[in-house]
Amino acid sequence: MAAAMSDKRRILIQLDPDEQPSVFDRIVALDAGADLVLAHGRVRREQVQALVHGAIFTRGPKDLTHTAIFVGGSDVAAGEQLLEEVQRHFLPQFGLTVSVMLDANGCNTTAAAAVHVVARHVDLRGKTALVLGGTGPVGQRAALLLARLQARVRLASRSPERAAQACERIRARFPQADLLPVCAPPYLHSALAGAQVVISAGAAGVRILTADLWQSAPDLAVLVDLNAVPPTGIEGIEPVDTARQRMGKITYGAIGVGSTKMKIHKACIARLFQANNLVLDAEAIYDLAASLDDGTTGARAAD
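Predicted model, so just to flag it, every value in this text is computed and none were measured. (Residues numbered from 1 in each chain as written. Predicted model: local features only at pLDDT ≥ 70, side-chain atom pairs only at ≥ 80, totals over all residues. Heavy atoms only, no water.)

What to know about the packing of helix α2 (residues 45–56) against helix α3 (residues 76–88)
Logical step 1: For the pair α2 and α3, interaxial distance at closest approach is 9 Å and the crossing angle is 40°. With respect to each other, α2 and α3 are oriented oblique. The interaxial crossing formed by α2 with α3 has right-handed handedness. Across the interface between the two elements, R45, V48 and V52 from α2 touch Q81, L82, E84, E85 and V86 from α3.
Logical step 2: Tallied by class, residues from the contact of α2 with α3 come to four nonpolar, one polar and three charged. (Axes fitted to C-alpha atoms, helices over the stretch in contact; angles between N-to-C directions. Helix = DSSP H or I, 4+ residues; strand = E, 2+ residues; numbered from the N terminus. Parallel < 35°, antiparallel > 145°, perpendicular 65-115°, else oblique. Left-handed = near helix turned anticlockwise from the far one by under 90°. Contact = heavy atoms within 4.5 Å. Nonpolar A, V, L, I, M, F, W, Y, C, P; charged D, E, K, R; others polar.)

Points about the pairing of strand β5 (residues 128–132)
Logical step 1: In terms of burial, β5 is largely enclosed, as five of its five residues are buried.
Logical step 2: Sheet topology note: the β5/strand β6 (residues 152–157) ladder contains four bridges and is parallel. From the neighbouring strand, A129 faces β6, where its bridge partner is V153.
Logical step 3: Inspection of the sheet shows β5 paired to strand β8 (residues 197–200) by four bridges, in the parallel sense. Directly across from L130, in β8, lies its bridge partner V198. (Buried < 20%, exposed > 50% of the residue type's maximum accessible area, 1.4 Å probe, protein only. Pairing = 2+ DSSP bridges.)

Description of the environment of G79
Logical step 1: Structurally, G79 can be placed in helix α3.
Logical step 2: Remark: the alpha-carbon pair of G79 and G106, spanning 27 residues in sequence, is separated by 11 Å.

Considering the nonpolar core
The nonpolar side chains of a soluble globular protein tend to be buried with one another.
Logical step 1: Of all hydrophobic cores here, the largest spans 81 residues; its most connected members are L12, I69, L146, V224 and I269.
Logical step 2: Counting residues per element, this core draws most heavily on helix α4 (residues 107–119), which supplies eight residues.
Logical step 3: Setting aside anything within four residues of it in sequence, one finds L146 in contact with V115, L124, A129, V131, A151, V153 and I199.
Logical step 4: Grouped together as the second largest cluster of nonpolar side chains are 17 residues, L130, L192, A217 and L223 included. (Core = buried A, V, L, I, M, F, W, Y, C linked by side-chain atoms within 4.5 Å.)

A closer look at the pairing of strand β9 (residues 222–225)
Logical step 1: Neither face of β9 is exposed, since V222 and V224 on one face and L223 and D225 on the opposite face are all buried.
Logical step 2: In the sheet, β8 pairs with β9 via four bridges, with the strands oriented parallel. Among the inter-strand pairings, I199 is bridged to a residue of β9, identified as V224.
Logical step 3: Taken together, the three bridges between β9 and strand β11 (residues 249–252) define a ladder with parallel strand orientation. The residue of β11 that forms the bridge with V224 is Y252.

Some thoughts on the pattern of salt bridges
Logical step 1: Within this structure, the stated rule accounts for 14 salt bridges.
Logical step 2: We note a salt bridge from D35 to R10, for which the minimum N-O separation is 3.5 Å. With D35 in the loop between α1 (23–31) and β2 (36–40) and R10 in the segment before β1 (11–15), this residue pair connects regions lying 25 residues apart in the sequence.
Logical step 3: The exposure class of D35 is partly exposed, given its relative accessible area of 38%.
Logical step 4: A relative accessible area of 35% means that R10 is categorised as partly exposed.
Logical step 5: With its nearest N and O atoms 2.5 Å apart, the salt bridge here joins R171 to E168. Here the residue R171 and the residue E168 both occupy positions in helix α6 (residues 160–173), the gap between them amounting to three residues, near one helical turn. (Salt bridge = Lys/Arg side-chain N within 4 Å of Asp/Glu carboxyl O.)

Observations regarding the sheet that holds β5
The strands making up a sheet associate through hydrogen bonds between their backbones, and the pairing can be parallel or antiparallel.
Logical step 1: Within the open sheet, the seven strands sit side by side as β7-β6-β5-β8-β9-β11-β10. Their pairing is mixed. In this open sheet, the two edge strands, each paired with only one partner strand, are β7 (178–183) and β10 (242–246). The mean inter-strand angle of the sheet, taken between neighbouring strand axes irrespective of direction, is 20°.
Logical step 2: Relative to β11, β10 is paired through four bridges, and the arrangement is antiparallel. Each bridged residue has a counterpart across the sheet, and for T242 the counterpart in β11 is Y252.

What follows is the structure in structure tokens.
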């Protein structure tokens, strides 16, 4: 449903399972064009129906482009449950829906930003990408986006069982995806063989990849390390690296990717108020990110 002329304020309803709603998410929303943020903390599934109904019944369908929902917080699994619950209580047959975005712990915008900066340098179709920390929230989403772009994805984890399970979840979404679970660190050397891309999304302050390994990998073209807490996830990459040339390879650090992540985050918030039937998940957020370079916008409409 296209936005119409209205004097209604743009209201973003922030649902956060944490005790205190994220101040970061609130400020970004206001900077991105929301006129008012109604932030709710300690939100549980059983509370969502009343919150959604409050959003969709207070304005007529023609004005619902001026209301949107943002699901945040530090617990990604809880955020996913809230997003599912939000969608359950829309009434699309009557036009009573609002656009909704999930970015718990920055998982979707960070993964989208990481894959987006890689795609600036490498046509990912048919290329091999190694995702370190691939069973974490950001790693799984980065792997999913890479698989969607038809890269060959090697998903690394300290637990082979968790790596295999993460691959199966992605394969359920993209049955033809080329996915390989990898146990790290024991098999990192072989996992790097033939890889053109590395994205490290492991736990903060945990070194996963040493400099001697990646510097001696002849096919590597781009490395992205999303860990800004010392020690970095990839030795020899600094958090501020932004398309920096190191040993003949292009490197990005967490702060270097962060500027792109913030641009994507703000663009997504603005996009929420352009229609009332959008679901901004990892895939839709990546599509919007990819459109930013050519000045267009896009998102996946809710089914």
